[in-house]
Amino acid sequence: MFRPARIRHYLAVMQLHGFKAEAVLAGSGIDVAALAEPSCLIGLDAYRRVVSNLLRLSGNQGIAFDLGSSSEIADLGIVGYAMISSPSLRQALLLWMRYSRSLVGTCWGLHTLVEGPEYSSVEIAEEIPTEGGLAFCVEEFLAMTHKIGGTLSGEPPSFHLVELSYPPPAHAALYQQTYGCPVRFSASHTRVTMATRWVEKSLRSSDREFNDICLQNCGQIMRQLSQESPLLSRLRLLLLRRPSATPTLDEAAEILGMSGRTLRRQLHEQHRSYQKLVADFRTELACEYLRSSSLSSKEIGYLLGFVSSNAFRRAFKSWTGQTISEFRGSEIDGDDAEPGTG
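Bear in mind the structure is a predicted one, so any value in this text is a computation, not a measurement.

Novice: Can you explain helix α16 (residues 309-320)? Please cite residues and give values.
Specialist: The end-to-end C-alpha separation of α16 is 16 Å, in line with the 16 Å expected for 12 residues at 1.5 Å each. Buried residues of α16: Ala311, Phe312, Ala315 and Phe316, and no others. The buried residues of α16 occupy an angular sector of 130° when the element is viewed end-on, so they sit on one face. Of the exposed residues in α16, those oriented more than 90 degrees away from the buried face are Arg314 and Ser318. Two residues or fewer past α16, Gly321 is found with a positive phi of approximately 80°.

Novice: Just give me the short version of the packing of aromatic side chains, but keep the residues and values in it.
Specialist: Evaluated as defined, the whole model comprises nine aromatic pairs. Taking 6.5 Å as the distance between ring centres and 85° as the angle between the ring planes, the aromatic pair formed by Tyr10 and Phe136 counts as edge-to-face. In this pair, Tyr10 is assigned in helix α1 (residues 5-16) and Phe136 in helix α7 (residues 133-153), connecting sequence segments 126 residues apart. Considered together, Tyr10 and Phe136 belong to a single accessibility category, that of buried residues.

Novice: Which residues make up the pairing of strand β2 (residues 119-126), and what are the values?
Specialist: On a regular strand, each side chain points to the face opposite its neighbour's, so the side chains alternate between the two faces of the sheet. Sheet topology places strand β1 (residues 108-115) next to β2; six bridges connect them, and they run antiparallel. Bridging across to β2, Glu115 finds its partner in Ser120. Between β1 and β2, which pair antiparallel and follow one another directly, the connecting turn spans three residues. Pairing of β2 with strand β5 (residues 191-195) involves five bridges; the strand directions are antiparallel. Bridge pairing in β5 places Ser121 opposite Thr193.

Novice: Just give me the short version of the side chain of Glu140, but keep the residues and values in it.
Specialist: With respect to the element layout, Glu140 can be found in helix α7. Here Arg6 takes part through its side chain, which lies 2.8 Å from a polar atom of the side chain of Glu140. Ignoring sequence-local partners within four residues, the contact set of Glu140 consists of Arg6, Tyr10, Tyr47, Ala64, Leu67, Gly68 and Trp108.

Novice: Describe the environment of Leu231, listing the residues and the values that go with them.
Specialist: Mapped onto the elements of the fold, Leu231 is located in helix α11 (residues 230-241). Counting along the chain gives 150 residues from Leu231 to Tyr81, while the straight-line C-alpha distance between them is 26 Å. What Leu231 contacts, discounting residues up to four positions off in sequence, is Leu256, Met258, Leu263, Gln266, Leu267 and Gln270.

Novice: Go over α7 with me, naming the residues and quoting the values.
Specialist: Compared with an ideal rise of 1.5 Å per residue, which puts 21 residues at 30 Å, α7 spans 30 Å between its outermost C-alpha atoms and is within 8% of the ideal. Where α7 bends most, at Thr145, the angle is about 25°. With 18 of 21 residues buried, α7 is to be regarded as a mostly interior element.

Novice: Before we move on, can you summarise the packing of helix α6 (residues 89-104) against α7 with the specific residues and values?
Specialist: Describing two packed helices takes the angle between their axes plus the distance from one axis to the other. Contact pair α6 / α7: the axes reach a minimum separation of 11 Å and the direction vectors enclose 135°. Accordingly, the angle class assigned to the pair α6 and α7 is oblique. Seen along the crossing, α6 lies across α7 with a hand that is right-handed. On α7, the residues that touch Leu89, Ala92 and Trp96 of α6 are Met144, Gly149, Leu152 and Ser153. Grouping the amino acids of the contact of α6 with α7 by side-chain chemistry returns five nonpolar, two polar and no charged.

Criteria and cut-off values
- Per chain, the residues get numbers from 1 upward, laid out in the order the sequence is written.
- Totals for whole chains, interfaces and linings use all residues, but because this is a predicted model, local features are given only for residues with pLDDT of at least 70 and pairs of side-chain atoms are given and counted only at 80 or more.
- Side-chain descriptors were evaluated using all non-hydrogen atoms of the structure, hydrogens and water having been removed beforehand.
- Where helices and strands are cited, they refer to DSSP runs of H or I of at least four residues and of E of at least two residues respectively, numbered from the N terminus.
- Expected helix span is given by 1.5 Å per residue-to-residue step, counting one fewer step than there are residues.
- Residue burial is assigned from relative accessible area. The probe radius is 1.4 Å, only protein chains are included, and a residue is buried under 20% of its type maximum, exposed over 50%, and partly exposed in between.
- Along the arc lie the directions from the helix axis toward the C-beta atoms.
- Stacked, edge-to-face and tilted are the three classes for Phe, Tyr and Trp ring pairs, Trp counted by its six-membered ring, which pair at centre distances within 6.5 Å; planes under 30 degrees apart are stacked, over 60 edge-to-face, the rest tilted.
- Between any two strands, pairing holds if DSSP finds at least two bridges.
- Polar contacts here mean pairs of N or O atoms no more than 3.5 Å apart (in protein, one a potential hydrogen donor and the other a potential acceptor; neighbouring residues in sequence count only if both atoms are side-chain atoms).
- In what follows, a contact means two residues having at least one pair of non-hydrogen atoms within 4.5 Å.
- A residue's bend is the angle separating two fitted axes: one through the seven residues that end there, the other through the seven that start there.
- Inter-axis angles, ranging from 0 to 180 degrees, are taken between N-to-C directions of lines fitted to C-alpha atoms, where helices are fitted over the stretch in contact.
- Throughout, the term roughly parallel applies to angles under 35 degrees, roughly antiparallel to angles over 145, roughly perpendicular to angles from 65 to 115, and oblique to all others.
- Here a crossing is taken to be left-handed if its near helix is turned anticlockwise relative to the far helix by less than a right angle, and right-handed if that turn runs clockwise.
- Side-chain classes follow a simple rule in which Ala, Val, Leu, Ile, Met, Phe, Trp, Tyr, Cys and Pro form the nonpolar group, Asp, Glu, Lys and Arg form the charged group, and the remainder, Gly included, forms the polar group.

Keep in mind these numbers describe shape, not what the thing actually does.
Here's what the structure looks like:
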């Protein structure tokens, strides 16, 4: 399961074309209201159905170009913020390769970044087979790279060559008209080659401290998605979206579309309590901030919703049995220890 950032964007684009959300989501089992919640997760079959509906309703086999070219950084959620705060386009691209499938919800993935002195290339793979096939994936990627890559770098991407392993579609002329580089269909692989100068371009929006926080959040979401039940994953996503304003159990239940009694019962069946889940989440996030950033205890306490640094310090001691200074000291000692010394 993965987050529905792309699905929300698809609905917005289709609405501009006069199609209601219910028609785009027909047969997918996705509730329109649930998509607005940060805890919402969708499955592969639901995604396939939505893409099929997009193509059928629009009658436009090249609609992926429209979907990609209308994308904004904010549409990508935490991954978009991590990208915009990265030191370079290369780092932003590597970050996308790692997180886009699960945290944004794309049907395609990028593999094998090959860098050379003059040109660099990435290979594109269809990770969720859809009615649109690999062409849908490539067209969305090219359009998103042109739009978002241009936003990040301040200049359009320098495409050198696009090689595609499928035959020319009916709208093949759009490829070269839009991106102004040679396009080879029916190639042995699907690969996009760009100027290395552009890939290595530094980002003016780079912010190391903020980037560290974004990456920590991305990593935490990924760990929880892979390890926990759908309910616990949805709750953790909800808490991560609102770390400074933790909802009560009843508020969380309402956001998840159930009663407080139902949420309490489902957690009990999994041998969990909401209070313990919140405490564990705040402990993990506090430790991650202390371990991986130079934020002060006052700043971390604020991010976690504490009104004062003293309140955060008391809570941290109750959670871990250590003071903040002791915790940070033990982390430094652990980093300096010789291998095998424990």
